[in-house]
Amino acid sequence: MIGWESRVLFRHYLTEGLSKRAIAERLGVSRKTVTRWIQNGDLDRDLEEPPRYGPRPIVPTKLDPYKAVIQVRLEAYPKLSSVRLLEEIRAAGYDGGYTQLKEYVRSVRPRPPVEPLIRFETAAGRQVQVDFADFTFDWGKRYALMVVLGYSRLLWVRFFTRKDMRALLEGLEEAFAFFGGTPQEILFDQMKSVITKDGRMNGEKLVSNAEFLRFAAHYDFKVRACRPYRAQTKGKVERPIFYVRDNFVYGREFLNDGDLDAQLHRWLERTANVRIHQTIKEQPVLRFERDERALLQPLPPRPYHSLVVDRTSRRGEVVKLPAAKFPVLDVERRPLSHYAELVGGAR
């Protein structure tokens, strides 16, 4: 029986006036076949009828006798590998290949239920989330310190040449000034400048950097850290990292650090904090001004002065701290010959 595609071509060739021999050559059939198609009325069938294809016949495989055993084993031990199952069924007499077994195991392996992602929303003024992200530019590597308010999603970002305690303290002070206050707590993701040891997985305590604890006491916030391998609890700052990469850095050209800072400031003011946030369904800056600004803790009257961290500028220039005031001692200076005479006289 002539197929639907061949029937369409057959009619087209007849319309063009081709001979039976020419049609047979183009369709790859004999001239007798062309004659039989015409005599059987195959050309009278409706061309609008779509081709119909029946299901492929099931071809038996060498794996068929062992499929029930594989299913039972996977129901009892869902993580059994295909290699392990191959060893077991070969011991039972299977002499087929590995590929068909692997494809079958993939299709019947029980899938564990997906753990629902529970979104934790924090109250206004309660929490800030902080993290560093690495970026590479033509003139060198830079580290973006990202600070986001958990309730309003108001974002503050600044690039540093180093990812250390000095950058963290300096950046947080600028972020607090930008927000106009401090939160009740800050959540970190095992940042080395903040967390020196996290033994909570073993029933021990979380140990924080002593210098950062003094900084936290000065600004009156608590230090919190995500548990190891649970960074999703800090998603409010993890997602902005991708947002900064895709929406700000990617596709833009920067001349130097100054140009990077200028473009970043405009982007935060005109794009990042005024867009309609997909989670809160409103502009972060409007949500912040309406609900959160008044609930932040007031800034202390003086900035924090560290006794162990050198306060350097962001480009590496050392900022000299005021010298400590000590009483000036009047020391009498004498030549070495005087002390030689004293030693000689003592003899």
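Residues numbered from 1 in each chain as written. Predicted model: local features only at pLDDT ≥ 70, side-chain atom pairs only at ≥ 80, totals over all residues. Heavy atoms only, no water.

Trainee: How do you make sense of the packing of helix α4 (residues 67–76) against helix α6 (residues 98–108) when you look at a structure like this?
Mentor: Where α4 meets α6, the closest approach of the two axes is 11 Å, and the angle between their N-to-C directions is 50 degrees. In terms of axis orientation, α4 runs oblique to α6. Between α4 and α6 lies a crossing of right-handed hand. Residues K67, I70, Q71 and L74 of α4 lie in contact with α6, whose contacting residues are L101, Y104, V105 and V108. (Axes fitted to C-alpha atoms, helices over the stretch in contact; angles between N-to-C directions. Helix = DSSP H or I, 4+ residues; strand = E, 2+ residues; numbered from the N terminus. Parallel < 35°, antiparallel > 145°, perpendicular 65-115°, else oblique. Left-handed = near helix turned anticlockwise from the far one by under 90°. Contact = heavy atoms within 4.5 Å.)

Trainee: I tried to follow unusual backbone geometry on my own but got confused; where do I start?
Mentor: Excluding glycine, most residues fall at negative phi; most peptide bonds, likewise, are trans. Even without a glycine there, the phi angle at R153 is positive, about 65 degrees. Mapped onto the fold, R153 is located in the loop between β2 (140–149) and β3 (155–160). A relative accessible area of 5% means that R153 is categorised as buried. (Buried < 20%, exposed > 50% of the residue type's maximum accessible area, 1.4 Å probe, protein only.)

Trainee: Would you explain the pattern of salt bridges in this entry?
Mentor: Proximity of charged atoms lets side chains of opposite charge pair with each other. Evaluated as defined, the whole model comprises 17 salt bridges. In this structure, the salt-bridge partner of E282 is R290, at a minimum N-O distance of 3.0 Å. Residue E282 is classed as buried on the basis of its relative accessible area of 16%. One salt-bridge network, held together by shared partners, links R158, R166, E170 and E174. (Salt bridge = Lys/Arg side-chain N within 4 Å of Asp/Glu carboxyl O.)

Trainee: How should I be thinking about the layout of surface pockets in this particular structure?
Mentor: Rolling a probe over the atoms, with the probe sized like a water molecule, indicates the empty space that remains. One number sums up the size of the second largest pocket: a volume of about 290 Å³. In terms of lining, the second largest pocket is formed by 17 residues, of which the most central are W156, F178, H265, L268 and E269. Mapped onto the lining of the second largest pocket, the elements with two or more residues apiece are β3, α7 (165–179), α10 (257–272) and α11 (284–292). Partitioned by chemical class, the residues of the lining of the second largest pocket number nine nonpolar, two polar and six charged. (1 Å grid on protein atoms, 1.4 Å probe; cavity = no way out; pocket = protein on both sides within 12 Å on 5 of 7 lines; lining within 4 Å. Points joined across faces, edges and corners; volume = space filled by probe spheres on them. Nonpolar A, V, L, I, M, F, W, Y, C, P; charged D, E, K, R; others polar.)

Trainee: What should I look at first to understand the packing of aromatic side chains in this one?
Mentor: Counting across every chain of the model gives 19 aromatic pairs. Ring centres of F188 and F212 lie 5.4 Å apart, and the angle between their planes is 85 degrees; this geometry places the pair in the edge-to-face category. Placement of the pair is F188 in strand β4 (residues 185–188) and F212 in helix α8 (residues 210–219), with a sequence separation of 24 residues. A relative accessible area of 0% means that F188 is categorised as buried. A relative accessible area of 0% means that F212 is categorised as buried. Judged by centre distance (5.2 Å) and plane angle (40 degrees), the ring pair of Y243 and W267 falls under tilted. With a gap of 24 residues between them, Y243 in helix α9 (residues 235–249) and W267 in helix α10 connect regions that are remote in the sequence. Given the relative accessible area of 17%, Y243 is considered buried. (Phe/Tyr/Trp six-rings, centres within 6.5 Å; stacked < 30°, edge-to-face > 60°.)

Trainee: Can you help me understand α11 in this one?
Mentor: One turn of the α-helix equals 3.6 residues, which is why residues spaced by three or four share an orientation. Within the span of α11, buried status applies to P284, R287, F288 and E292. The arc that holds the buried residues of α11, viewed along the axis, is 100 degrees, so those residues lie on one side. For α11, the elements touching its buried residues are β2, α7 and α10. (Arc of directions from axis to C-beta.)

Trainee: Would you mind showing me how to read the sheet that holds strand β7 (residues 222–225) here?
Mentor: Strand pairing within a sheet occurs via backbone hydrogen bonds; the two strands may be parallel or antiparallel. Strand order in this open sheet of five strands is β3-β2-β1-β4-β7, and the pairing throughout is mixed. At either margin of the open sheet sits one strand with a lone partner, and together these are β3 and β7. Averaged over all pairs of adjacent strands, the angle between their axes in this sheet comes to 25 degrees, without regard to strand direction. When strand β1 (residues 127–137) meets β2, the two strands line up antiparallel, connected through 10 bridges. Bridge pairing links Q129 to V148 in β2. Together, β1, β2, β3 and β4 form the strand contacts of α7, whose direction differs from that of β3 by roughly 150 degrees. (Pairing = 2+ DSSP bridges.)

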